[in-house]
Amino acid sequence: MKRQQLHITNKLGLHLRASSMLAQLSSKYTCDIWVKKNEKKVNAKSVLGLTMLAAGKGAQIEIECTGKDEILAIKEIVKLFQSNFYEED
């Protein structure tokens, strides 16, 4: 199991577009991927679940990957967050 703490820095947080991008990326991997904010934990492959986290700019979340391709999955997810979901400032 791999875990990574992430700080949301993009202007709009995990809004619908960002949640969709994260869900599409997560769906490429066979491992289980979870996103946790406070006490809520949702499947990263679910756009609805991700948007229900209401994780805005400045929120702290945790990504948890478990399975065969967990290392690659977490690396790519971290890159997506570091890119601010390719949003303009």
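Before going into details, it helps to say that this report is about the structure given with it. Owing to the predicted nature of the structure, the values given are computational and were not obtained by experimental measurement.

Within the structure shown, the criterion is met by one aromatic pair. Where Phe-81 meets Phe-85, the ring centres are 4.9 Å apart and the plane angle is 70 degrees; that geometry is what we call edge-to-face. With a relative accessible area of 0%, Phe-85 lands in the buried category.

This part takes up helix α1 (residues 16–26). Regarding α1, the residues found buried are Ala-18, Ser-19, Leu-22, Ala-23, Leu-25 and Ser-26. Projected onto a plane normal to the axis of α1, the buried residues spread over an arc of 165 degrees and lie on a single side. Facing away from the buried surface of α1 by more than 90 degrees, the exposed residues are Leu-16 and Gln-24. Buried residues along α1 sit against β2 (32–37), α2 (47–52) and α3 (70–82).

This next bit is on the pairing of strand β4 (residues 60–66). Two faces belong to every sheet, and in a regular strand the side chains alternate between them. Summarising burial for β4: five of the seven residues are buried, a large majority. Judged from the six bridges that link them, strand β1 (residues 2–7) and β4 form a sheet pairing that is antiparallel. Among the inter-strand pairings, Gln-4 is bridged to a residue of β4, identified as Ile-63. Inspection of the sheet shows β2 paired to β4 by five bridges, in the antiparallel sense.

What follows concerns the environment of Gln-24. Relative to the assigned elements, Gln-24 resides in helix α1. As for Gln-24 and Lys-2, which are separated by 22 residues in sequence, their C-alpha atoms are 19 Å apart.

Moving on: the sheet that holds β2. The strand order β1-β4-β2-β3 describes an open sheet built from four strands, whose pairing is antiparallel. Both edges of this open sheet fall to β1 and β3 (40–43), since each of them pairs with a single strand only. The mean angle between the axes of side-by-side strands here comes to 25 degrees, regardless of whether they run parallel or antiparallel.

With that out of the way, let us pick up the pattern of salt bridges. Tallying each qualifying case throughout the model produces four salt bridges. Lys-41 is the partner of Glu-64 in a salt bridge, and the nearest nitrogen-oxygen pair spans 3.3 Å. Separated by 23 residues along the polypeptide, Glu-64 in strand β4 and Lys-41 in strand β3 bring together distant segments of the chain. Members of the salt-bridge network, linked through shared partners, are Arg-3, Lys-41 and Glu-64.

About the criteria used
Residues numbered from 1 in each chain as written. Predicted model: local features only at pLDDT ≥ 70, side-chain atom pairs only at ≥ 80, totals over all residues. Heavy atoms only, no water. Phe/Tyr/Trp six-rings, centres within 6.5 Å; stacked < 30°, edge-to-face > 60°. Buried < 20%, exposed > 50% of the residue type's maximum accessible area, 1.4 Å probe, protein only. Helix = DSSP H or I, 4+ residues; strand = E, 2+ residues; numbered from the N terminus. Arc of directions from axis to C-beta. Contact = heavy atoms within 4.5 Å. Pairing = 2+ DSSP bridges. Axes fitted to C-alpha atoms, helices over the stretch in contact; angles between N-to-C directions. Salt bridge = Lys/Arg side-chain N within 4 Å of Asp/Glu carboxyl O.

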